[in-house]
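This is what each chain is made of:
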Amino acid sequence: MKLKALIIEDNEQNMYMLSFLLEKNNYDVIQAFNGIDGIKAAKERMPDVILLDIQLPEMDGYHVAQELRKRNDLLHIPIVAVTSHAMVGDKEKALESGATGYIEKPIDPDTFIPRMESFFTAELLKRRNDL
Ligand code: MN
């Protein structure tokens, strides 16, 4: 079974690029274009990894991460914040909100997947490598 990646991203182009990269690397992709839909998809689909844009309409990515971390059944899922919001303190704020790691936009297609997987638990990495 492929690993499932949930992408929470409101920008169509970024969504397209992230989906393309993940599918090319043998992931099943679940797309959500706002935080509410993202939280709903996380609960219903139990993804193996969540890619989370920070600048989202209405509910921002920090808030989404906080909501996701309130649920025990979602605690083990790595949340990787993906954002161009490269101001001092943003990385810390994302981590304090519950993100496991942080990757800055623009995305480098050559390094994105290994960087994302660097935030996986040993168990998840093993599942990834056994595929
Ligand atoms: Mn955005």
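Further up the page is the structure itself.
Residue indices begin from 1 for each chain and proceed along its sequence in written order. Whole-chain, interface and lining totals are the exception, using all residues; otherwise, since this is a predicted model, local features are given only for residues with pLDDT of at least 70 and side-chain atom pairs are given and counted only at 80 or more. Hydrogen atoms and water are omitted, and side-chain values are computed over all heavy atoms in the structure.

## Some details on the coordination of the manganese ion
Part 1 of the reasoning: Listed donors are limited to N, O and S atoms within 2.8 Å of the metal, widened to 3.2 Å for Na, K and Ca; water is not among them, so incomplete-looking sites are possible. Surrounding the manganese ion are the protein donor atoms D10 (OD), D53 (OD) and Q55 (O), at 2.0 to 2.2 Å.
Part 2 of the reasoning: In primary-sequence terms, the residues that donate to the manganese ion follow D-x42-D-x1-Q. Of this pair, D10 sits in the loop between β1 (3-8) and α1 (12-24) while Q55 sits in the loop between β3 (49-53) and α3 (61-69), and the two are 45 residues apart along the sequence. Labels follow the DSSP assignment, with helices taken as runs of H or I lasting at least four residues and strands as runs of E lasting at least two, numbered in each case from the N terminus.

## Topic: the sheet that holds β3
One key point about sheets: their strands pair by backbone hydrogen bonds, in either a parallel or an antiparallel sense.
Part 1 of the reasoning: Two strands are counted as paired when DSSP detects at least two bridges linking them. With respect to topology, 5 strands assemble into an open sheet ordered β2-β1-β3-β4-β5, the strand pairing being parallel. The outermost strands of the open sheet, each flanked by one partner alone, are β2 (27-32) and β5 (101-104). Taken pair by pair, the neighbouring strands of this sheet meet at an average axis angle of 25°, ignoring direction.
Part 2 of the reasoning: What makes two residues a contact is simply this: any of their non-hydrogen atoms within 4.5 Å. In this analysis an axis means a line fitted to C-alpha atoms, helices contributing only their contacting stretch, and an angle means the value between N-to-C directions, from 0 to 180 degrees. Of the strands in this sheet, β1, β3 and β4 (79-83) are in contact with α3, which crosses β3 at around 150°.

## What about the packing of helix α2 (residues 35-45) against α3?
Part 1 of the reasoning: The interhelical angle for the contact between α2 and α3, taken along N-to-C directions, is 25°, at an axis separation of 10 Å. With respect to α3, the axis of α2 lies roughly parallel. For the element pair α2 and α3, the recorded crossing hand is right-handed. Across from G35, I39 and A42 in α2, the residues of α3 making contact are V64, E67 and L68.
Part 2 of the reasoning: Here the term charged refers only to Asp, Glu, Lys and Arg, the term nonpolar to Ala, Val, Leu, Ile, Met, Phe, Trp, Tyr, Cys and Pro, and the term polar to all other amino acids, Gly among them. The residue makeup of the contact of α2 with α3, split by class, is 4 nonpolar, 1 polar and 1 charged. With respect to orientation, any angle under 35 degrees is reported as roughly parallel, any angle over 145 as roughly antiparallel, any angle of 65 to 115 as roughly perpendicular, and every other angle as oblique. Definitions for this section: a left-handed crossing has its near helix turned counterclockwise from the far helix by less than a right angle. A right-handed crossing has that turn clockwise.

## Focus: the nonpolar core
Part 1 of the reasoning: Membership of the largest hydrophobic core comes to 23 residues, with the highest contact counts inside it found for L6, I8, I50, L52, V64 and L68.
Part 2 of the reasoning: Among the elements of the structure, β1, β2, α2, β3, α3 and β4 are those that each provide at least two residues to this core.
Part 3 of the reasoning: With 4 residues, α3 is the single largest residue contributor to this core.
Part 4 of the reasoning: Not counting chain neighbours up to four residues away, the residues in contact with I8 comprise A32, N34, G35, G38, I50, L51, L52, D53, L56 and V64.
Part 5 of the reasoning: Counting 19 residues, the second-largest nonpolar core is a separate cluster that includes M15, L18, L51 and I103. Note on terminology: a nonpolar core comprises buried Ala, Val, Leu, Ile, Met, Phe, Trp, Tyr and Cys residues joined through side-chain atoms within 4.5 Å. Accessibility here uses a 1.4 Å probe with only protein chains present; expressed as a share of the type maximum, an area under 20% marks a residue as buried, one over 50% as exposed, and anything in between as partly exposed.

## Examining the environment of K2
Part 1 of the reasoning: On the secondary structure map, K2 appears in the segment before β1.
Part 2 of the reasoning: Residues K2 and Y16 lie 14 residues apart in sequence; the distance between their C-alpha atoms is 19 Å.
Part 3 of the reasoning: Residues contacting K2, with those up to four places away along its chain left out, are N26, Y27, D28, D48 and L131.

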